[in-house]
Amino acid sequence: MVLGKHFKIYHKPADQQRPFTVVVENRDIKSEALYFESGVATTLSYEDFEHLKPLYAKICDAYALLGVLTYNAGHHRILYLVVVSSCVSIGKLSLNSSADSEILRIAGVTVISLRNDPGDEERLVEFVKLLSSGIFYFAVSLTPNAAPLDLTVCCQRATLGAPTDNRFFWNRGLHLYVQSFGISCDKWLVKIICGGVEIKTLYVAQYQARVGMISRFNSYRAGTRFQVRGANDDGNVANFVETEQIVCIGDQITSYVQIRGSVPLFWEQTGVQVGAHKISYSRSYETMSAAFDRHLIMLKREYGDQILLNLLGSKEGEKGLTEKFRENFEGSAYRSGMLYIHYDYHANVRGGRPDALIKELKDQVMDKLLEFGFFHASQDGIKRQQNGAARTNCLDCLDRTNAVQTFLGLLVLQEQMQALGISDKPQVVSRFEQLFAQLWQQNGDHVSRIYAGTSALEGKSKIKDGARSVSRTVQNNLFDTSKKEAMDILLAGALLNSDFSDRARTVLPFNLRQVPAFLLNSLFNRAAEYTHTIPLTFWVGTWNVNGGKSIKAAVAQGNKERPIDDWILDCAKISQETKTNYLRSSWDPQKPVDIFAIGFEEIVDLNASNIMAASTVNQRQWFIDISAVLKKVGHYVLVQSVQLVGVCLFVFIRAEHVPHLRDVATAMVKTGMGGVTGNKGGVAIRFQLYNSSICFCCSHFAAGQSNVNERNADFLEISNKLVFPAELNPHSHDFVFWCGDFNYRIDMENELVRDYIKNEKWPQLSEGDQLLFSKKHGKCFQEYSEAPVLFAPTYKYDPLSDDYDTSEKFRCPAWTDRVLVRGRKFGDMEWNDFNIVYYGRMEIRTSDHRPVSALVEVDVHVTDAHKCEEVLNDILDHLGPSDGTVLVSLEDPDAIYAPEMYQQITSILASLGEILMIRYSGSNLCITFSTGHSALSALNYDGTDIFGKRLSVKLRLEDWRSVLDLVVNLSKHTATALCDTGEPLLLDENEIAMRVPMSHPSTSGLNDLDLLTGEEGKDGKDFAGSVVNMATSEAADLETASLHSNGSDNVGAVTPPIVLQKVAPPRPPPARPPPAKIAPKQVAVDPWAADPVPQPVVEMPTKSVPTYDQPFIDPWAAADQEAQSVTEIPFVQPAVAVQPEILVATALPEWPAESQVSGSTAENANGLVRNAESGPAENEFAVPPSSVGSLPSGPPPPPPRRRVGQKLPDSLIKLGK
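Residues numbered from 1 in each chain as written. Predicted model: local features only at pLDDT ≥ 70, side-chain atom pairs only at ≥ 80, totals over all residues. Heavy atoms only, no water.

### So, the overall build of the protein
Where we set the bar: By definition, any uninterrupted DSSP run of H or I lasting at least four residues is a helix, any uninterrupted run of E lasting at least two residues is a strand, and each is numbered from the N terminus. Partly exposed describes any residue whose relative accessible area lies between the buried limit of under 20% and the exposed limit of over 50%, with all areas from a 1.4 Å probe on protein chains only and scaled to the type maximum. Here, two residues are considered to be in contact whenever any of their heavy atoms come within 4.5 Å of each other. Every accessible area reported is derived by Shrake-Rupley at a probe size of 1.4 Å, with residue values counting cover from the shown protein chains alone.
Check the secondary structure of the protein and you find 31 helices and 38 strands. When burial is assessed residue by residue, the protein has 63% of its 1217 residues classed as buried. For the protein, the share of sequence-separated contacts (at least 6 apart) that also reach a separation of at least 24 residues comes to 75%. A total of about 44,600 Å² of accessible surface is found on the protein, and carbon and sulfur atoms cover 50% of it.

Written as C-alpha cells, this is what we have:
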C-alpha cells in the first residue's frame, strides 16, 4: 500500500482586508482543520471550515505534515509550514500484535511561508535540500485511530513502554510551535528519524517473516564528516548511530542493537582535506578525561555493559588517537563492565577477507555477545532482553565500522534464529544470512551518505571506491558547511545563533537549554533563585618580549634568578613589600590563582619570513618554561594556546576546575596592512567555566605616536571579527579579559613625560594617555574597566637597561601594555561582578617593554539544576495557557452575534492585553491574547451580566498545565535505559570523581594540541558541536545545593520585543448570520438607528466606567468607501512582545489611564452586572488592574457583520488614541 496525499493545504492571499492565512485539511480527520493566521495556530470545526473553504485556493497536496519551523531571520522570525510532498514506501512493520505501520522515506518537502513573502522560500533552499535527500523516515498507521510505530525507539524500549527518544526525534523543534497551541501533534504531525530503514519479506514454511534494519542518527552532535569530529564536553560524539536488526515471524519478534560513534576525545581534521588527513587535537590531554568519562557513563546507563571495539590503524595519525583512547579508558573510573579491544582492521583484514574476522575477532567478542544477548518477545510477553551493546569505531565510523558490525550482526543472527526455532533448517539460515548481509551493506550506504555524502567504500573495486573518494573530497570541502547549517536550522530553529541560546547554554542545565524563548526569558529573570557565585582569582598578564625566546634567555640576559616567577607568581607579594603598583589593601597575596592567562607580543621577530609563516618553536619553549613555573605552586592544566605570528596567548587552569570547563574555542584576526598580514592583530580563547562564559583576548595594535585612529580601528575590527562558533564574539561573554601591547602613547612633551615619571606623578601623566582619552569619547574599550595606573610607563626601554629610549628616535615613554576587564550586564541587573585587586608592572629587562599583570577576583556563577527545575515548575504553574485563548459565550446563543454585545465584550477584554485574533466557533466567541496571563485575567469576567445576559468565559485549554509539560518535554533528554538497571539515567556531575592525570609538560600539552601551525591553524568551526549539540546533551551540568532565593517575582514574563511577522490588527471574526430581528445592513446607515438600543444601568462593584454619549455609527460603511480608492492598507507595526514566542505582537489602541476616565460606580454604559446569586459580593470582586475602569471613550468596536477577513477601518484603528 502506498500512502495517499491525505492533506490539502489552502491559502487566502493577503489583500486590503486581511493578512495571509493558511488552512490545512486532513481527509482522515473529519472533525476539524488547522488554521494559521497572524502567527496563531488553532483548529476550526468542520462546519467553520466548510463555511470558509469557498474563499480559499488550494496550494498543494501533501503526504504528511512535519510541523512549523520558526526561522530566526535577524531581528524578526518567520514561520514556515513544512510538508512532505514526495515519499517512498519502504515496507510494513509491527510489534507483536500491534497494528501494522507503513515506513516511508521522505523524497521531497515543501515549505510554505505563513506570511507569504516571495523571498521567504529562498532562505531555506539548503534546508529543503537536506530534508529531500532521502535520509529521513517516518511511520504511519495502517489502522484507523491507531498510533503508528515510533521509529525513535528500538523494539525492546518500545515494548517496555519507553517514551519517544528525543536523541533520534529530528523534527521535535517543528512540533514545538503546534504543541504550544494545544493542538494534538500525534493527530496532525509525524515524527521523523535521520538514518536508514530497510524492510524485506521472507517466507518460512507457512509463516511470513519480516526482517528489518533500522539505523538512527543521533541529533545531539549532528554534522558532517569534517565539520564535526570526536566528542563534545557533554560526552556526545559525532556520527553516533544506533543500528537495530529485526526478525519477525508470526507473533514473535527478535531484535539486536549495535552502536557506532567517533572516538570520544577532542580531535579534528581541519583545512582542505585531500588524500591523507592530518589529525589534530583541540584540547590538552588533561582536559579530555572529563568528556571521555561522561561518554562512558552515557553508554553504561543507556545501553548497559559495552564492548569498545576500536578499528583504527597505525598510520595517518590513527596510532596516536588509539593510544589516547586506550590511555583514557585505562585511567577511567567508569570502565567497569566494559571490554576494550583494539583491532587494526587494515592490517588484519586485507582485501576484505571475512575469514580474518572469524579467525581473530570472534574469539575475543563471542563470550560478551552471548552475555549481552538480544531482545525476544511474543504475545506471551518478553522472553529475553538485551543488556549490553557493542560500540564500534574507526576514524570516520563508516566503511570499516560497517564491515565489523555486519560480522557481529551475523553472529547474533544465528542466536536469533535459534530462539525463533528455525536454526535447524540450513536453507532458511542461508537465506537469512544472505539477506542480512545485503541489508548491512545498504545500511553502510545510508550512514555514509549522511556523514560523508557518498555511498560506503566496498573494498572490492578500486575504480568504484576511487570515484567515491573523489566525490567525498568534493562534497566534504565544498558542500558540507551548508549541510551542517541546514541541520542546525532543523534542530534549533528560532534558538539558532540567538541571544537566548547563548545565555541558555551558559546558565541553564542541559535539560532546559532548548525550551521555548517565552520560558527562557522567565527563567533568566529568576536566575538568582537557582544560582550562586563562587569567587575565583584570575591572573592576566601581557608582555612584548621583542622576539625573546624563553625564561632561560631572560635569566642569562637579565642576570636574575627568578624573573618570570616574580611576574607570574609573586607580583602581588612584591607590590605589598615595595609599596608599588596598585594593590587592594585587603587582598591576601598568598591566595592561590585559579586561572592564568599569559599574553605575548612579538614572540617571534616580525620579519618577512615569520609574517608569511610564523615559527612555533618559541611558542613551544614558552609553554614548557611557563608550565615549569606554575608547577611550583600547584597542578595547572593548559586549556588552550593560540598564536598569530608574534601574538600568542596561553590559558592555564587549576586542575580542580577542569571537570567544569566546557566549550573551548579560539579565534584570530589579522589587522596588519589592512587585514592582510598578521604582524598586527588579535587572538582569543573562550570557554565556559561552571555557568559563566569567559573570553581572553590578546592583541597588538598599530604603532606610531600619532596613529590613534588606527589603533581605535584595530580595536573595533578585532572586536567585530573575532567570531567563535555559534556567532559569538568577545562581547557575547559574561567576562572579557583583554590584554596586549595596545601601543597607545602619551600626548605630552617627551621631557615633561620623563619628569613626571621621575617624580611619580601618575595622575598628571594619565591626562595625556591616548587610551583613556579614546575610551572616554567612546572610541574604544567602552564598558571596560581598568585599575588605576600607578606604575611607570612600560615602553620604550634600552635593552638590558632601566633607561628609557636613548636612541636617535628618542621615543616618548608610554603605557602601551595594558589589561582591561569587562563584565556583561543584562539591562539594569548587576550579574557579572569582578574586582581588580592588583595592577602593576614587573622589572624584567630582557625586552624594550616591561611585563604588566593584573589580578582579578571574579564571581563565577554556579547553577543548581534541581532548584532550576523547581523555578521552572513554578513559572509553568502561573504562566497560563500557552495559546492565550478564551471561549466567550452567553446563555442565549444568538445574543453573541448582536453588534452591541460583540462591542461590549471585545472592548472589555481588549483592556486586559493584546488581542491577536478573534473568531467565532459555533456559539462561542474565540479571543486569542498574546499572553496566557491575559487569558487567565479574562476568567474574572465569568458570570458577569452584559445587557441582562450572563457572560460565560472559559479557557480553550482547560488542561493548559499539561500542555506546557508536553512543550517542555519536547526539549528534554528522554532516552531510557535499554535494559532497566534501576539506576537514574541523568547524571549529576558531583557524583563523578573526575580525574586529572599528572603529566610532564614535555609529554603533554602542546604535543596534544593543534597549536604549532601558527595563524594557519584552527578555523574555529566547532566547539562542543553546534548550538544544538550543546543545547541538547547527555551529561548533566553541575548541581549544587544551598542557593539563595532572592530572585525576581516576575513570573511568566513575556519575551523581549521580537517581531515575528507584520500583520494587520485584530479583526472581527468570520461573518455569522445576524439575528432575524435585525434588518439587513444599508450602506452608511445604522440598521439600529430606527430602533435604538436602550442604554442599561450597569452596576460594578469596585470600578467606574465611562458612558458612551455618541450615537452608534456603523464604521464599516466608511471602510467600504475607503476600499474603493485605497490600493494598500498599511499594517500596524507590532509594538509589544508577546508570549509564547510563536505568537505575533500586534499593536492595539493605547487606552487612557484610569485617572483620565470619569464615571459612576453605580451606573455606566458598559452593560456589566455581576450576578448576585452566583458571583461574589461587591467587596469580594477583584477586577484586573487594567480592566473596565480604563476603557476608552468614543465609538465602540464594530459588530461582526462584514465578510470574512474584513479589515478594521481607520476610524477603529485610531480608537482610544
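### Structural notes on the pairing of strand β34 (residues 915-921)
The cut-off we apply is this: Should DSSP find at least two bridges between two strands, the strands are taken to pair.
Burial of β34 is extensive: six of the seven residues sit out of reach of the surface. From the end of β34 to the start of strand β35 (residues 924-929), which pair antiparallel, there are two residues, and G922 there has a positive phi angle of about 65°.

### Topic: helix α21 (residues 708-721)
For the α-helix, the turn length of 3.6 residues means that residues three or four positions removed from each other point alike. As a reminder, the rule being used: Given the number of residues in a helix, its expected span is that number minus one, multiplied by 1.5 Å. This arc corresponds to the set of directions leading from the helix axis out to the C-beta atoms.
Given a rise of 1.5 Å per residue, 14 residues ought to cover 20 Å, and the 20 Å separating the end C-alpha atoms of α21 matches this to within 8%. Along α21, the residues that are buried comprise V708, R711, N712, D714, F715, I718 and S719. The arc that holds the buried residues of α21, viewed along the axis, is 155°, so those residues lie on one side. Among the exposed residues of α21, those oriented more than 90 degrees off its buried face are N709 and N720. As for α21, its buried residues are in contact with β26 (661-672), β27 (677-689), β28 (692-700), β29 (735-741) and α24 (770-776).

### Comments concerning the sheet that holds strand β21 (residues 531-544)
The seven strands are arranged β22-β31-β32-β21-β23-β25-β24 in an open sheet whose pairing can be described as mixed. Taken across any chain shown, the strands that pair with only one partner, and hence form the sheet edges, are β22 (582-583) and β24 (636-644). In this structure, β21 lies alongside strand β32 (residues 852-863), joined through twelve bridges in antiparallel fashion. Pairing of G541 across the sheet is with S853, part of β32.

### Let's talk about the pattern of salt bridges
When charged atoms on two side chains of opposite charge get close, those side chains can pair. Quick note on the threshold: When a carboxyl oxygen of Asp or Glu lies within 4 Å of a side-chain nitrogen of Lys or Arg, that pair is called a salt bridge.
Across all of its chains, the model carries 43 salt bridges by this definition. In this structure, the salt-bridge partner of R115 is D117, at a minimum N-O distance of 3.8 Å. D117 sits in the partly exposed class, given a relative accessible area of 32%. One salt bridge connects R850 with E843, and the closest N-O pair in it is separated by 3.4 Å. With relative accessibility at 0%, the residue R850 sits in the buried group. Through salt bridges with shared partners, a single network forms among R157, D165, R167, R216, E242, E244 and E302.

### A short note on the packing of aromatic side chains
For clarity, the cut-off: Put simply, two rings from Phe, Tyr or Trp (the six-membered ring, in Trp's case) pair if the centres are within 6.5 Å, and we call them stacked under 30 degrees between planes, edge-to-face over 60, tilted for the rest. Note on criteria: charge over ring means Lys NZ or Arg CZ within 6 Å of the ring centre, with the direction from the centre no more than 35 degrees off the ring normal.
If you walk through the whole model with that rule in mind, you get 38 aromatic pairs. With 6.4 Å between their ring centres and 80° between their planes, F715 and Y784 make a pair best called edge-to-face. With F715 in helix α21 and Y784 in the loop between α24 and β30 (817-823), the pair connects residues that are 69 residues apart, well separated along the chain. Measuring from ring centre to ring centre gives 5.4 Å for F791 and Y839, while their planes differ by 80°; the resulting arrangement is edge-to-face. Here F791 is found in the loop between α24 and β30, whereas its partner Y839 is found in strand β31 (residues 834-841), with 48 residues between them in sequence. Put simply, the rings of W539, W543, W567, F596, F600, W622, F623, Y636, F650 and F652 touch in pairs and so form one group of aromatic residues. One cation-aromatic arrangement involves R754 over F810; the distance from NZ or CZ to the ring centre is 4.0 Å. Here R850 stacks its cationic end above the ring of Y797, 3.8 Å away from the centre of that ring.

### What about the packing of helix α6 (residues 289-303) against helix α7 (residues 318-331)?
When two helices pack together, their arrangement is given by the angle between the helix axes and the distance between those axes. Rules: Working convention: axes come from line fits to C-alpha atoms, limited for helices to the stretch in contact. Angles between N-to-C directions cover 0 to 180 degrees. Comment on the angle field: the value is read as roughly parallel under 35 degrees, roughly antiparallel over 145, roughly perpendicular from 65 to 115, and oblique elsewhere. When residue character is reported, Ala, Val, Leu, Ile, Met, Phe, Trp, Tyr, Cys and Pro are called nonpolar, Asp, Glu, Lys and Arg charged, and the others, Gly included, polar.
Axis separation between α6 and α7 bottoms out at 10 Å; the angle between their running directions is 70°. By the angle between their axes, α6 is roughly perpendicular relative to α7. On α7, the residues that touch S289, F292 and L296 of α6 are F325, N328 and F329. Of the residues assigned to the contact of α6 with α7, the class counts are four nonpolar, two polar and no charged.

### Looking at the sheet that holds β29
Ordered in space as β26-β27-β28-β29-β30, the five strands form an open sheet in which the pairing is mixed. Unpaired on one side and paired on the other, β26 and β30 mark the two borders of the sheet. On average, each strand axis in the sheet is inclined to that of its neighbour by 15°, with strand direction left out of account. Where β27 and β28 come together, nine bridges link them in antiparallel fashion. What sits directly across from I685, in β28, is F696.

Structural measurements only, silent on function.
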